[in-house]
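# Examining the three-dimensional arrangement
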Amino acid sequence: MRWLRDLLCGVLIGAGAILPGVSGGVLAVVFDIYRPFMEVLTHPRSAVPKYWIWFFPIALGWCVGFLGFAKGIAACLDQSATVTIWLFIGLIVGTVPSLFREAGREGRSAASWLSFFLCALVMFASLFYVSRIVHAQVEPNFWWYNFCGALWGMSVVIPGMTSSSVMMALGLYQPMLEGLARLDLVVLAACIPGMVLAVALLARFMSWFLRRHYAVAFHGILGIVLASTLVIVPLSYTGGGEILLSALCCGCGFALAFFLARLDRRIGENRA
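Residues numbered from 1 in each chain as written. Predicted model: local features only at pLDDT ≥ 70, side-chain atom pairs only at ≥ 80, totals over all residues. Heavy atoms only, no water.

## A word on the state of the cysteines
What counts, and what does not: Sulfur atoms of two cysteines make up a disulfide when they are within 2.5 Å. Here the term buried applies to any residue with accessible area under 20% of the maximum for its type, exposed to any over 50%, and partly exposed to those in between, with areas from a 1.4 Å probe on protein chains only.
Scanning all chains against the criterion turns up zero disulfides. Just so you know, Cys 252 is unpaired, no disulfide at all, and the nearest cysteine sulfur is the one on Cys 249, 6.0 Å from it. On the basis of relative accessibility, which here comes to 44%, the residue Cys 252 falls in the partly exposed class.

Here is the structure:
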């Protein structure tokens, strides 16, 4: 049961890094993978013996979600970007209750609520500006793909960081997705250095911040999740059929998140 749960979580986290507006780091938080992952990065000598059994299913699932889903997501976005995005909105909404409980685990202070509203406002304004007002386009090359890798690394370490949305605003998302879908070695080789560097540089800072300001950090993450989800809500539809299919996919995403939360609780009860 634990292996299956970790495999599914890895798939969703990898897919979340690909889909616009979805943060793999946030999904790692709500699936209770984020803190062990950060421990491994910052204190490998003590953390690896404790968490090594998680590595294979999560890593395998992440590769399936990140690389394997790239082609499927590209095809789904070509068919209906609206329906595909609603599927992941349902998944995110389904994880919000777990994230809310996690944020309040050490209490809720005025500073934590201020963090929630401030992070939500900044994230919403930033993504709205990038996606709706600025239409900057760049020519994809090795260095820009390296930049995309750094954004993906940041989205893993910083929950709520929606790297795909930034790539879309710069015109890098579609060529990057196509390169991953065909397993282009040039694209993959360009992404890896930036991703590794971003993770290595930010891991210790995020671990320190969570230790010192837990409630403030997680309420800020919750605000980021809600704001980034609100920004990607589709506003135009081709007809009633697309609206119905969007609602169905949103419900399926919510049900999947609910199933994973129940599975996680059952594993915790058995362990206790």
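On we go from here.
## Here we look at the environment of Ala 47
Cut-off, in case you're wondering: By definition, any uninterrupted DSSP run of H or I lasting at least four residues is a helix, any uninterrupted run of E lasting at least two residues is a strand, and each is numbered from the N terminus. By definition, residues are in contact when any of their heavy atoms lie within 4.5 Å.
Relative to the assigned elements, Ala 47 resides in helix H4 (residues 44-103). For Ala 47, a relative accessible area of 1% translates into the label buried. Spatially, the C-alpha atom of Ala 47 lies 8.8 Å from that of Phe 37, the residues being ten residues apart in sequence. With residues near it in sequence (within four places) discarded, Ala 47 still touches Glu 39 and Val 40.

## What to know about the packing of H4 against helix H10 (residues 214-231)
The criterion, for reference: Lines fitted to the C-alpha atoms define the axes, with helices restricted to the stretch that makes contact. Angles between their N-to-C directions range from 0 to 180 degrees. The scheme is simple: roughly parallel for angles under 35 degrees, roughly antiparallel for over 145, roughly perpendicular for 65 to 115, oblique for anything else. Rotating anticlockwise by less than a right angle from the far helix to the near helix defines a left-handed crossing, while the corresponding clockwise rotation defines a right-handed one. Each residue gets one label: Ala, Val, Leu, Ile, Met, Phe, Trp, Tyr, Cys and Pro are nonpolar, Asp, Glu, Lys and Arg are charged, and the others, such as Gly, are polar.
At a minimum axis separation of 10 Å, H4 and H10 run at an interaxial angle of 165°. Considering the angle they form, H4 stands roughly antiparallel to H10. Read as a crossing pair, H4 and H10 show a hand that is left-handed. Packed against H4, whose contacting residues are Ile 89, Ile 92, Val 96, Leu 99, Phe 100, Glu 102 and Ala 103, the element H10 presents Tyr 214, Ala 215, Phe 218, His 219, Ile 221, Leu 222, Val 225, Leu 226 and Thr 229 at the interface. Counted by class, the contact of H4 with H10 contains 13 nonpolar, two polar and one charged residues.

## Observations concerning the side chain of His 219
The line we're drawing: N or O atoms within 3.5 Å of each other form a polar contact, as long as, within protein, one can give a hydrogen and the other can take it, and as long as residues adjacent in sequence are counted only when both atoms are side-chain atoms.
Tracing the sequence through the fold places His 219 in helix H10. Among the polar contacts listed, one links the side chain of His 219 to the side chain of Arg 108, at a separation of 2.9 Å. Other than its neighbours up to four places away in sequence, His 219 contacts Ala 103, Gly 104, Gly 107, Arg 108, Ser 112, Trp 113, Ser 115 and Phe 116.

## A word on the packing of aromatic side chains
Let me state the cut-off plainly: Note on aromatic contacts: the rings of Phe and Tyr and the six-membered ring of Trp form a pair at centre separations within 6.5 Å, being stacked when their planes are under 30 degrees apart, edge-to-face when over 60 apart, and tilted otherwise. Two thresholds decide whether a charge sits over a ring: the Lys NZ or Arg CZ must be within 6 Å of the ring centre and within 35 degrees of the ring normal.
For the coordinates displayed, the defined rule picks out nine aromatic pairs. Between the aromatic rings of Trp 208 and Phe 209, the centroid separation amounts to 6.3 Å while the plane-to-plane angle is 45°, which identifies the pairing as tilted. The class for Phe 209 is partly exposed, based on a relative accessible area of 25%. A network of ring pairs unites the aromatic residues Trp 113, Phe 116 and Phe 117 as a single cluster. Cation over ring: Arg 108 sits above Phe 100, and NZ or CZ is 3.8 Å from the ring centre.

## Observations concerning the pattern of salt bridges
As a reminder of what qualifies: Within this document, salt bridges are pairs made up of a side-chain nitrogen of Lys or Arg and a carboxyl oxygen of Asp or Glu, the two lying within 4 Å of each other.
Applying the stated criterion across every chain yields a total of two salt bridges. Note that Lys 50 is salt-bridged to Glu 39, the shortest N-O span being 3.7 Å. Here Glu 39 lies in helix H3 (residues 34-42) and Lys 50 lies in helix H4, a separation of eleven residues in the sequence. By relative accessible area, Lys 50 is classed as exposed at 52%. The residue Arg 182 makes a salt bridge to Asp 184 at a minimum N-O spacing of 3.3 Å.

## Brief notes about the packing of H4 against helix H8 (residues 173-181)
One can describe the packing of H4 onto H8 by two numbers: an axis separation of 8 Å at closest approach and a directional angle of 125°. One element, H4, and the other, H8, form an angle in the oblique class. Along this stretch, H4 crosses H8, giving a crossing that reads as left-handed. The residues of H8 that touch H4, namely those facing Phe 66, Leu 67, Ala 70, Lys 71, Ile 73, Ala 74 and Leu 77, are Tyr 173, Leu 177, Leu 180 and Ala 181. Split into classes, the residues belonging to the contact of H4 with H8 amount to ten nonpolar, no polar and one charged.

## A word on a nonpolar patch on the surface
This is how it is decided: Patches here: salt-bridge-free residues with over 30% relative accessible area, like charges joined within 9 Å, nonpolar side chains (Val, Leu, Ile, Met, Phe, Trp, Tyr) joined within 5 Å. Here the accessible surface of atoms and residues is derived via Shrake-Rupley with a 1.4 Å probe, and residues count as covered only by protein chains that are part of the display.
On the surface, Trp 3, Phe 56, Leu 60, Val 64 and Phe 69 cluster together into a nonpolar patch covering about 470 Å² of accessible area. Positionally, Phe 69 belongs in helix H4.

## Topic: the nonpolar core
Across soluble globular proteins, nonpolar side chains show a tendency to be buried alongside one another. Inclusion rule: Here, nonpolar core refers to any group of buried Ala, Val, Leu, Ile, Met, Phe, Trp, Tyr and Cys residues whose side-chain atoms link them within 4.5 Å.
Counting residues in hydrophobic clusters, the biggest one holds 35 residues, and the most contacted among them are Phe 31, Ile 33, Tyr 34, Leu 99 and Phe 218. Counting residues per element, the ones that place at least two in this core are helix H1 (2-18), helix H2 (24-30), H3, H4, helix H9 (185-212) and H10. For this core, the element with the highest residue contribution is H4, accounting for ten residues. Beyond its immediate stretch of four places on either side in the chain, Phe 218 contacts Val 29, Leu 99, Glu 102, Ala 103 and Leu 210. By size, the runner-up hydrophobic cluster in this structure holds 21 residues, among which are Ala 17, Ile 18, Leu 177 and Cys 191.

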